[in-house]
Amino acid sequence: MDDASPFPGPTLPVLDLPALHANHSGCWLRMRGGATNAVGKGEAIVTAADTPLLILNAPLVASRLGYPDLSGLDLLELYAFVHPARFVVPTPKGLAQALGLAQPTGDADVPLLLQQAAAALLAHCGAPDWAEREGAWTALQGLAKLRWAWAPVLATAIEKPARAERWLFSRLPEWEETAERPQPAQVDLLQADVLSQLDHITGHGSESRPGQQDYAARAAHIFAPRTARGAPHMLLAEAGTGTGKTLGYLAPASLWAHASGGTVWVSTYTKALQRQLRREARRVWSDSNRVVVRKGRENYLCLLNLEDALQGGFGGRAAILAQLVARWAAYTQDGDMIGGDLPGWLGTLFRQRGITSLTDRRGECVYAGCPHYRKCFIERSARASAEADLVIANHALVMVNAARGKDVALRPTRIVFDEGHHVFEAADSTFSADLTGAEAIELRRWVIGPEKGSKGRRRGLSARLADVASYDEAGARAIAAAREAAEALPGDGWLQRVVEGEPSGEIEQLLAAVRATTFARDESGGQEAGYGVETEAASLDGPFIEAALAAGEALAALRKPLIQLGLRLEAIMDEPPDWLDGQGRARIEGARSSLTWRVDLIAAWEALLARLSGPVDPGFVDWLAVDRADGREYDMGLHRRWVDPMQPFAATVLNGAHGVMMTSATLRDRAGDADWDQSWEGAVARSGAQHIEVTPEVAAFESPFDYANQAEVLIVTDIPRGDIPALAGAYGQLIEASGGGALGLFTAIRRLRAVHGRIADRMARNGLPLYAQHVDPIDTGTLVDIFRDDPHASLLGTDALRDGVDVPGDSLRLVIMEQVPWPKPSILHRARRLAHPQGGQAHDDRIIRARLAQAFGRLIRGRGDRGHFVVLSAAFPSRLLTAFPAGTPVVRCTLAEALQRLRAHASGGTSPLSQAESSAQSRNDCQNG
């Protein structure tokens, strides 16, 4: 027992459990009743194998030790049990903050902290104010049967309740049906009212921000009554970082929603902005029920899947995960498992696949046929959004809802696309067609259901519509025909059969032809063996065309009975039988929606295959691909994209909208020689407005930040491209000179891993923790949380960290890009280069400038921020420098000079060059470009 422990009482024995802490700089072990000692990895591994140890984040500790079989008493698992749905940064510092303990001053203090944290959590279980007490004892009994390591420890801390606890599924509240909402009133917003609302929500007497006021006044334009069908009011508003655009558009949005009785949708690209919007909305709507975060079905916990997992569907560690998720389900705000209040680190403790297995990723929902339908998180969210003033969603969901929404009256009509520079990208994905093995086998499973030897709750059409089949003979025949036709789709083991040259069925034969043709045309010479291979869907030989035609016929044979089944369901709805109650109608409506989606999917696949033997359609780009990761093939198939995906976006989203705003800090391409009108041409083209013959209003609002004094761009000219040792050395020295607080951005995962592997130990020994995507077993959101929480930490990542990451203050003071972020050459990229009106280089430059601007936008998030943006590229083209905000000093220098400037900044001194010299050099760079 440790004398330093501040926790008296019955939980004291728990403090005497041995504890282990490990990172890149070493390992520290504290045994029972002893002191903390630094130990080698070998001793730590041997001890962990013999004795259950207190650890924090087992997968991360295992990776640090190089011992993947590590197991023990993970404090994160205990925290998830004691405080489900509560946030904690999964680091020693974060755990100490969450529990009100003294933060460790060094690595050697961490094992004692782990013992103290365990005691604090266990003591909380006996406290009368434990808010998450209900259900804990019952869950613990289930976890004890699963031999969860913490169960014996918790058994001494949690008393059996006097009365039996209600089961989770009886505790969850039911949603209620509401009357249909009338269409919104036609409202004109007065500028004075908008500015008054803005003043109210920003706080009376707060600093006046003229840019934000102008922005809010312009945003009100989209809420005016529409004057022509298919012609929404449109505004493209570029607002520099710090403008205050969130409250700027929420001010008129909240006024309009209140006055009209309608719903405003705000669409984002990243989950981070969704969380920020939810926080900001609290300043506008005191009633939290008026604001709903809406996501796709695959984000929410499926209660039927959870019940199956709790009743034996999961085994081993996955079964423990299910019990912890059940604890969370009783206290979650909305059931969102991906980016909601479920800790992002929980999935990585048990493998992320367990989390996804508890969501509905296959569209197999049985709707009212589910015993938990009235408590379903997904259904509750959908109904809440129908009554909400503000719905926060993502770009893909808004597009899908506009294209496939079951209720036309509930489709979004007033939409603000925040992070509007990503709308094109989201549309490109949403309106694509991909006939691949992975997609086709999911369709087979949706139709057929469980096959021999498979486990889980998967149900085919026959099971989901059993009552329809027994009542309607024609419907039963359609189900049987669809099931028979689905046998032509790839089944379990399809990939191995294709690779071994033994495909089964028409679709697998087509996939085999795709693979053979793609590899036959490959010109990489094996240089990129770990990555995918692709080739145009052009000049295909006779056998390939025959395989494509046969596959098309097989798909048509499946699509026809699905259409017939949809018609039978419609007939049943028109003349309902006596046994069809309200829940039954809802289930059939859900089935009709799923059927329509699959019919449209199959039709898109058929169109793709039919094109292969006909003339090229200039509106599309088609290609064949074999997908690989780390040298292993995992999928293959045919792909189709619109050359301009804003064409279907305009038809489905814009055409039915009344008002649309697209806003971002980087809407325009800031080419150096472009005037105001020219700078907006690309943004207008990428808005889709031209496809509905609408001329959008445009407005630009400059950032209030003083970039000349807050930031500096350094172009390092002496790091040879492709020299990994030199690249790693540069990263290490730059991070050291800055004292951490660095965000490193890479364009290739293999270079990220190589750099991390060379410098991580060195950084840790200097007290500068280094984390990395694709290396550390931590999800991206949690990595950002860790980075934000520690000003000495640094984070390496790829595209996902280039925008949407909000780390204000001293935690982010240096951004490093390994090179100019050139677009990846691909068949789709080449087609869009050819379609660009100013030519291929203009197309590429626009992409690069946008990426640079987005990355630079991570650096300065507030008026007090200071920092450097470093690009390690000797050949950085001067024409790209306009990506940075006007007035930002740009200096081309050697690595030694860059380090000197960073050290001067870190010590609070001045940079070696005067600001006047730096600005003059920036202007010369631009002029010489």
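These numbers come from a predicted model, not from an experiment. (Residues numbered from 1 in each chain as written. Predicted model: local features only at pLDDT ≥ 70, side-chain atom pairs only at ≥ 80, totals over all residues. Heavy atoms only, no water.)

**Focus on the overall build of the protein chain**
Okay, so step 1: Across its full length, the protein chain carries 37 helices and 23 strands.
Okay, so step 2: Principal-axis analysis of the C-alpha atoms places the extent of the protein chain at approximately 75 × 75 × 65 Å.
Okay, so step 3: Sorting the 929 residues of the protein chain into buried and exposed places 53% on the buried side.
Okay, so step 4: Pairs at least 24 apart in sequence give 76% of the contacts found in the protein chain among residues at least 6 apart.
Okay, so step 5: Of the roughly 39000 Å² of accessible surface on the protein chain, 50% is carried by carbon and sulfur atoms.
Okay, so step 6: Between the mean site of the 97 positive side-chain charges and the mean site of the 110 negative ones, the protein chain shows a separation of 2 Å. (Helix = DSSP H or I, 4+ residues; strand = E, 2+ residues; numbered from the N terminus. Buried < 20%, exposed > 50% of the residue type's maximum accessible area, 1.4 Å probe, protein only. Contact = heavy atoms within 4.5 Å. Areas by Shrake-Rupley, 256 points an atom, 1.4 Å probe, with all protein chains shown as cover. Lys, Arg positive; Asp, Glu negative; His and termini not counted. Charge placed at Lys NZ, Arg CZ, Asp CG, Glu CD.)

**Remarks on a positive patch on the surface**
Okay, so step 1: Where like charges cluster on the molecular surface, the positive patch consists of K271, R275, R279, R282 and R361.
Okay, so step 2: Take R275: it is sitting in helix α12 (residues 271–281).
Okay, so step 3: We classify R275 as partly exposed; its relative accessible area is 36%. (Patch = residues over 30% accessible without salt bridge, like charges linked within 9 Å, V, L, I, M, F, W, Y side chains within 5 Å. Salt bridge = Lys/Arg side-chain N within 4 Å of Asp/Glu carboxyl O.)

**Quick look at helix α11 (residues 245–260)**
Okay, so step 1: With 16 residues, α11 ought to run about 22 Å at 1.5 Å a step, and its terminal C-alpha atoms sit 23 Å apart, in line with that.
Okay, so step 2: Within two residues after α11, G261 carries a phi angle of roughly 75 degrees, on the positive side. (Expected span 1.5 Å × (residues − 1).)

**Thoughts on the packing of helix α9 (residues 191–202) against α11**
Any two packed helices are characterised by the angle at which their axes cross and by the distance between the axes.
Okay, so step 1: It is the contact of α9 with α11, at a shortest axis distance of 9 Å, that shows an interaxial angle of 120 degrees. Our classification of the angle between α9 and α11 gives oblique. Here α9 and α11 pass one another in a crossing that is right-handed. Where α9 approaches α11, its residues D193, V194, Q197, L198, I201 and T202 are matched on the opposing element by L247, G248, A251, P252, S254 and L255. (Axes fitted to C-alpha atoms, helices over the stretch in contact; angles between N-to-C directions. Parallel < 35°, antiparallel > 145°, perpendicular 65-115°, else oblique. Left-handed = near helix turned anticlockwise from the far one by under 90°.)

**Considering the packing of aromatic side chains**
Okay, so step 1: All chains considered together, the criterion is met by 13 aromatic pairs.
Okay, so step 2: The interplanar angle of 50 degrees and the centroid separation of 4.5 Å between the aromatic rings of F620 and W642 together place this pair among those described as tilted. Pair noted here: F620 is in strand β13 (residues 620–629) and W642 is in strand β14 (residues 632–642), with a separation of 22 residues, a long-range link.
Okay, so step 3: Here the aromatic cluster, defined as three or more aromatic residues joined through ring pairs, consists of F705, Y707, F856, F869 and F884.
Okay, so step 4: In this structure, R374 packs its charged tip against the face of W175, placed 4.5 Å from the ring centre.
Okay, so step 5: Of note, R383 hangs over the ring of W175, and the distance from its end group to the ring centre comes to 3.8 Å. (Phe/Tyr/Trp six-rings, centres within 6.5 Å; stacked < 30°, edge-to-face > 60°. Lys NZ or Arg CZ within 6 Å of the ring centre and 35° of its normal.)

**A short note on the sheet that holds strand β17 (residues 711–716)**
Okay, so step 1: With respect to topology, 7 strands assemble into an open sheet ordered β19-β20-β18-β21-β22-β17-β23, the strand pairing being parallel. A single partner strand is all that each edge strand has here, and the edge strands are β19 (770–772) and β23 (890–893). Averaged over neighbouring strand pairs, the angle between their axes works out to 20 degrees when direction is ignored.
Okay, so step 2: Note that strand β18 (residues 742–745) and strand β20 (residues 794–797) share 3 bridges and pair parallel. (Pairing = 2+ DSSP bridges.)

**Side note on the pairing of strand β11 (residues 433–436)**
Okay, so step 1: Residues of β11 alternate between two faces, with A433 and L435 on one and D434 and T436 on the opposite face, all of them buried.
Okay, so step 2: In this structure, β11 lies alongside β14, joined through 4 bridges in antiparallel fashion. Of the residues in β14, the one forming a bridge with A433 is R640.

**Thoughts on the pattern of salt bridges**
Okay, so step 1: Scanning all chains against the criterion turns up 39 salt bridges.
Okay, so step 2: One salt bridge connects R497 with E508, and the closest N-O pair in it is separated by 2.6 Å. A residue pair is termed long-range when its members are at least 10 positions apart, and R497 in helix α24 (residues 494–499) and E508 in helix α25 (residues 506–521) qualify at 11 residues.
Okay, so step 3: When its relative accessible area of 1% is taken as the criterion, E508 is described as buried.
Okay, so step 4: Ionic pairing is found between D622 and R611, a salt bridge with its closest N-O pair at 2.8 Å. Of the two residues, D622 is situated in strand β13 and R611 in helix α27 (residues 582–611); the sequence distance between them amounts to 11 residues. Taken individually, D622 and R611 each receive the classification buried, so the pair is uniform in this respect.
Okay, so step 5: Among the ionic contacts, a cluster of salt bridges with common partners joins E134, R166 and R171.

**A few points about the packing of helix α31 (residues 724–738) against helix α36 (residues 895–906)**
Okay, so step 1: With their axes 8 Å apart at the nearest point, α31 and α36 run at an angle of 20 degrees to one another. In terms of axis orientation, α31 runs roughly parallel to α36. As for how α31 packs across α36, the hand of that crossing is right-handed. On the side of α31, the interface is formed by A730, Q733, L734, A737 and S738, while α36 contributes L895, A898, L899, L902, R903 and A906.
Okay, so step 2: Looking at the contact of α31 with α36, its residues break down into 8 nonpolar, 2 polar and 1 charged. (Nonpolar A, V, L, I, M, F, W, Y, C, P; charged D, E, K, R; others polar.)

**Description of helix α6 (residues 136–145)**
Okay, so step 1: Taken together, the buried positions of α6 are A136, A139, L140, G142 and L143. Projected down its long axis, α6 carries its buried residues within an arc of 160 degrees, all on one side.
Okay, so step 2: Buried-residue contacts for α6 involve α3 (75–82), α7 (151–155) and α14 (317–329).
Okay, so step 3: Phi turns positive, to about 60 degrees, at R147, one or two residues after α6. (Arc of directions from axis to C-beta.)

**A short note on the environment of C365**
Okay, so step 1: Along the polypeptide, C365 turns up in the loop between α16 (352–357) and α17 (377–387).
Okay, so step 2: Other than its neighbours up to four places away in sequence, C365 contacts R297, D360 and R464.

**Observations regarding the pairing of strand β1 (residues 19–23)**
Okay, so step 1: Counting buried residues in β1 gives 5 out of 5 residues, a clear majority hidden from the surface.
Okay, so step 2: A two-sided burial pattern is seen for β1, the buried positions comprising A19, H21 and N23 on one face and L20 and A22 on the other.
Okay, so step 3: Both β1 and strand β2 (residues 26–30) contribute to a ladder of 5 bridges, which runs antiparallel. Residue pairing in the sheet places N23 in a bridge with G26 of β2.
Okay, so step 4: Connecting the antiparallel pair β1 and β2 is a turn made up of 2 residues.

**Looking at the side chain of D74**
Okay, so step 1: Within the secondary structure, D74 is located in strand β5 (residues 73–74).
Okay, so step 2: The side chain of D74 sits in the buried core without any salt bridge; R317 is the nearest counter-charge, 6.1 Å away.
Okay, so step 3: Within the local environment of D74, its side chain forms a polar contact with the backbone nitrogen of N57, the two atoms lying 3.0 Å apart.
Okay, so step 4: In this structure, D74 is in contact with I55, L56, N57, A58, P59, W150 and L349, ignoring residues within four places of it in sequence. (Polar contact = N/O pair within 3.5 Å; in protein donor to acceptor, adjacent residues only side chain to side chain.)

**Quick look at the confidence of the model for the protein chain**
Low-pLDDT stretches of the model should not have their predicted coordinates read in fine detail.
Okay, so step 1: Averaged over all residues, the pLDDT of the protein chain equals 88, while 93% of them reach at least 70.
Okay, so step 2: Long-range and interchain partners of residues 910–929, a stretch whose pLDDT sits below 50, account for 28 contacts in this model, where long-range means more than four residues apart. (pLDDT = per-residue confidence, 0-100.)

**Section: the sheet that holds β13**
Okay, so step 1: On the basis of which strands lie adjacent, the open sheet formed by 4 strands has the order β11-β14-β13-β12 and antiparallel pairing. Strand pairing shows two members of the sheet lacking a second neighbour, β11 and β12 (533–536), which therefore form its edges. Averaged over all pairs of adjacent strands, the angle between strand axes in this sheet comes to 20 degrees, irrespective of strand direction.
Okay, so step 2: In the sheet, β12 pairs with β13 via 4 bridges, with the strands oriented antiparallel.

**What about unusual backbone geometry?**
Okay, so step 1: Although it is not a glycine, R147 sits at a positive phi angle of roughly 60 degrees.
Okay, so step 2: Relative to the assigned elements, R147 resides in the loop between α6 and α7.
Okay, so step 3: Its relative accessible area of 76% is what places R147 among the exposed residues.

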